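# Chain and residue survey
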Amino acid sequence: MSRRRETEHVVLAMTGASGLPYALRLLECLIAANCRVSLIASKAAHAVAALELDDPFPARHDALATELGGRYGAAEGQVTGFARQDWTAPFASGSNPPDTMVVCPCTTGTLGAIANGLSDSLIERTADVCLKERRDLVIVPREAPLTAIALRQMTQLAELGAVILPPSPAFYHRPQTIQDLIDFTVARILDQIDVPHELHARWGERDGG
């Protein structure tokens, strides 16, 4: 994909795969980097949030944006929530695409829908807009093992320009906590969308690394 000088507007879509702590840490880092964030959460993401997080997601999209934005110190208007079927969202049209979109975590169902152009929700439609307008699209699939179907769909999306970035932690930076493992994957996402961070030392920057 082509790179831009600065990432200003990120659509962050959260679906029903396990791994919402990745999405929340990513949101925190995007807010700290002064990015404008549009949030979309699938119905299944709300169900997973009740299992993985201390606080379940509010049912309303605007309440979710207010809660998470407040949690991470967002400026007024920096984080906006959109409903899954909100076809009037600005970035539902190629005339007003976001700088980038991250689907984190991404179910194989959402992956397949995006790969096959089935724009039945705002998440899928936004991904389609990013592909056709040559904007960055990062897919963070959280599934194991992967079927041949999912692998073919990942290949198809990669050929179209999307970045397929599974949460695969490394250990050369000597992680001590679960948060360290989360930060490693989030750092890779931020690198792909040109958002600066200092989540951990890079390869070769640690003495003896």
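The shown structure was predicted, so the numbers you read here are calculated from the model rather than taken from an experiment.

### Quick notes on the packing of helix H4 (residues 108–115) against helix H5 (residues 122–132)
Two numbers describe a pair of packed helices, the interaxial angle and the distance between the axes. Interaxial distance between H4 and H5 falls to 9 Å at its minimum, and their mutual angle equals 45°. As the angle between them shows, H4 and H5 are arranged oblique. For the pair H4 and H5, the crossing hand works out as right-handed. The residues of H5 that touch H4, namely those facing Thr 110, Ala 113 and Ile 114, are Ile 123, Glu 124, Ala 127 and Leu 131. In the contact of H4 with H5, the residues fall into five nonpolar, one polar and one charged.

### A few points about the environment of Ile 40
With respect to the element layout, Ile 40 can be found in strand E2 (residues 36–41). The spacing of Ile 40 and Leu 190 is 150 residues in sequence and 18 Å in space, taken between C-alpha atoms. If near-sequence neighbours (up to four positions away) are discounted, Ile 40 is found in contact with Val 11, Leu 12, Ala 13, Met 14, Phe 82, Ala 83, Arg 84, Phe 91, Leu 122, Ile 123 and Thr 126.

### Some details on the packing of H4 against helix H6 (residues 148–160)
With their axes 9 Å apart at the nearest point, H4 and H6 run at an angle of 45° to one another. The angle between H4 and H6 places the two elements in the oblique class. In this structure, H4 meets H6 at a crossing whose hand is left-handed. Within the contact between the two elements, H4 uses Thr 108, Leu 111, Gly 112, Ile 114 and Ala 115 and H6 uses Ala 150, Gln 153, Met 154, Gln 156 and Leu 157. A per-class count over the contact of H4 with H6 returns six nonpolar, four polar and no charged.

### Section: helix H7 (residues 178–192)
Here H7 is 15 residues long and its end C-alpha atoms lie 22 Å apart, about the 21 Å a rise of 1.5 Å per residue gives. Taken as a whole, H7 has its buried residues at Ile 182, Asp 183, Phe 184, Thr 185, Val 186, Ala 187, Ile 189 and Leu 190. Positive backbone phi, at 60°, marks Asp 194, one or two positions downstream of H7.

### Some remarks on the pattern of salt bridges
Here the structure, examined in full by the defined rule, presents eight salt bridges. The residue Glu 28 makes a salt bridge to Arg 25 at a minimum N-O spacing of 3.0 Å. One end of the pair, Glu 28, and the other, Arg 25, are both in helix H1 (residues 20–32), three residues apart, so they sit about a helical turn from each other. Looking at Glu 28, the relative accessible area reads 29%, which means it is partly exposed. By relative accessible area, Arg 25 is classed as buried at 18%. Via salt bridges that share partners, Arg 25, Glu 28 and Asp 183 belong to a single interconnected network.

### Considerations on H5
A large share of H5 lies buried, amounting to eight of its eleven residues. Taken together, the buried positions of H5 are Leu 122, Ile 123, Glu 124, Thr 126, Ala 127, Val 129, Cys 130 and Leu 131. Those residues of H5 that are buried lie in contact with strand E1 (9–14), E2, strand E4 (100–106), H4, strand E5 (136–141) and H6. Looking one or two places after H5, you find Arg 134, whose phi comes out positive at around 60°.

### Quick look at the confidence of the model for the protein
Averaged over all residues, the pLDDT of the protein is 93; the fraction at 70 or higher stands at 95%. Predicted confidence for residues 1–5 stays below pLDDT 50, and this span has 18 contacts to residues more than four positions away or in other chains.

Procedures and definitions
- Residues numbered from 1 in each chain as written.
- Predicted model: local features only at pLDDT ≥ 70, side-chain atom pairs only at ≥ 80, totals over all residues.
- Heavy atoms only, no water.
- Axes fitted to C-alpha atoms, helices over the stretch in contact; angles between N-to-C directions.
- Helix = DSSP H or I, 4+ residues; strand = E, 2+ residues; numbered from the N terminus.
- Parallel < 35°, antiparallel > 145°, perpendicular 65-115°, else oblique.
- Left-handed = near helix turned anticlockwise from the far one by under 90°.
- Contact = heavy atoms within 4.5 Å.
- Nonpolar A, V, L, I, M, F, W, Y, C, P; charged D, E, K, R; others polar.
- Expected span 1.5 Å × (residues − 1).
- Buried < 20%, exposed > 50% of the residue type's maximum accessible area, 1.4 Å probe, protein only.
- Salt bridge = Lys/Arg side-chain N within 4 Å of Asp/Glu carboxyl O.
- pLDDT = per-residue confidence, 0-100.

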